[in-house]
Amino acid sequence: MDNYPTSWAPRPAVVVSAWAVTALLLVGVVVDALTGDRGGLVLFALAAVAVGAFAGHATVVRPRLAADAEGLVARTLGGTHRLPWAQTRTRLRTTRRMGRDGVTLEIEHDEQLYVFGWLDLGEDPRDVLDVLSTLRG
């Protein structure tokens with residue numbers, strides 16, 4: 001059991017790439033502002049805000065999910081949430097969109113639902129569920 005990861009977060013390469021794309025988009029904002037292209041300015045600015053928000057979230061909220069013998073710890077922008085095993089239910093949800101299957105890990109605790117995809121966890125949610133099942137015992 002010691003060889004299993006016990007915390008999951010977006011991969012560092014993904015986060016660094018998101019910051020790099022944000023910087024490139026901001027360069028596009030500046031260029032469009034200087035050339036007077038208002039349409040391009042709006043598009044670049046919206047894209048910079050969206051990618052920058054993802055990069056900021058992925059940087060600040062780490063790790064997204066952690067596990068130990070007592071239960072889970074989920075981190076969100078709203079804070080850190082301790083989820084004891086006894087009151088927590090985990091399952092996988094598979095959805096099909098545009099011909100592609102998407103798998104998410106759903107964690108239910110009381111009235112709260114936490115949903116994690118591969119981007120949040122840095123690996124396949126199926127593998128994370130296997131580790132959680134082993135840790136839960």
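Residues numbered from 1 in each chain as written. Predicted model: local features only at pLDDT ≥ 70, side-chain atom pairs only at ≥ 80, totals over all residues. Heavy atoms only, no water.

Caption draft 1: Region of interest: the overall build of the protein. Of regular secondary structure, the protein possesses 4 helices and 7 strands. Its helices and strands taken in sequence order, the protein reads β-α-α-β-β-β-β-β-β-α-α from the N to the C terminus. Scaling as 2.2 N^0.38, a compact globule of 137 residues should have a C-alpha radius of gyration of about 14 Å, whereas the protein reaches 19 Å, well beyond that. Relative to its 137 residues, the protein shows a buried fraction of 34%. Considering only contacts in the protein between residues 6 or more positions apart, those separated by 24 or more positions represent 47%. Carbon and sulfur atoms provide 60% of the accessible area of the protein, an area that totals close to 8,500 Å². Across the protein, the centroid of the 14 positively charged side chains sits 4 Å from that of the 15 negatively charged ones. (Helix = DSSP H or I, 4+ residues; strand = E, 2+ residues; numbered from the N terminus. Rg over C-alpha atoms; globule rule 2.2 N^0.38 Å. Buried < 20%, exposed > 50% of the residue type's maximum accessible area, 1.4 Å probe, protein only. Contact = heavy atoms within 4.5 Å. Areas by Shrake-Rupley, 256 points an atom, 1.4 Å probe, with all protein chains shown as cover. Lys, Arg positive; Asp, Glu negative; His and termini not counted. Charge placed at Lys NZ, Arg CZ, Asp CG, Glu CD.)

Caption draft 2: Structural view of the pattern of salt bridges. Counted according to the given criterion, the structure contains 9 salt bridges. Where Glu70 meets Arg82, a salt bridge forms, and the shortest distance between an N and an O atom there is 3.6 Å. Note that Glu70 is positioned in the loop between strand E2 (65-67) and strand E3 (71-76) and Arg82 in strand E4 (residues 79-84), a separation of 12 residues in sequence. A salt bridge links Asp124 to Arg126, with the shortest nitrogen-to-oxygen separation between them at 3.0 Å. The network of salt bridges with shared partners includes Arg89, Arg91, Arg93, Glu106 and Glu108. (Salt bridge = Lys/Arg side-chain N within 4 Å of Asp/Glu carboxyl O.)

Caption draft 3: Region of interest: the sheet that holds E4. Strand order across the open sheet formed by 4 strands is E1-E2-E3-E4, with antiparallel pairing between neighbours. Of all strands in the sheet, those with a lone pairing partner are strand E1 (7-8) and E4, marking the two edges. Two elements, E1 and E2, share 2 bridges in a ladder whose sense is antiparallel. Each bridged residue has a counterpart across the sheet, and for Ser7 the counterpart in E2 is Ala66. On top of the sheet, helix H4 (residues 125-136) reaches E1, E2 and E3; it is set at about 30 degrees to E2, its chief contact. (Pairing = 2+ DSSP bridges. Axes fitted to C-alpha atoms, helices over the stretch in contact; angles between N-to-C directions.)

Caption draft 4: Summary view of empty space enclosed by the protein. One pass over the structure, following the stated rule, counts 1 cavity of 30 Å³ or more. Quantified by volume, the largest cavity comes out at close to 40 Å³. As for the largest cavity, its lining consists of Arg11, Val14, Trp118, Leu119 and Gly122. Its residues assigned to classes, the lining of the largest cavity comprises 3 nonpolar, 1 polar and 1 charged. (1 Å grid on protein atoms, 1.4 Å probe; cavity = no way out; pocket = protein on both sides within 12 Å on 5 of 7 lines; lining within 4 Å. Points joined across faces, edges and corners; volume = space filled by probe spheres on them. Nonpolar A, V, L, I, M, F, W, Y, C, P; charged D, E, K, R; others polar.)

Purely geometric numbers; function is a separate question.
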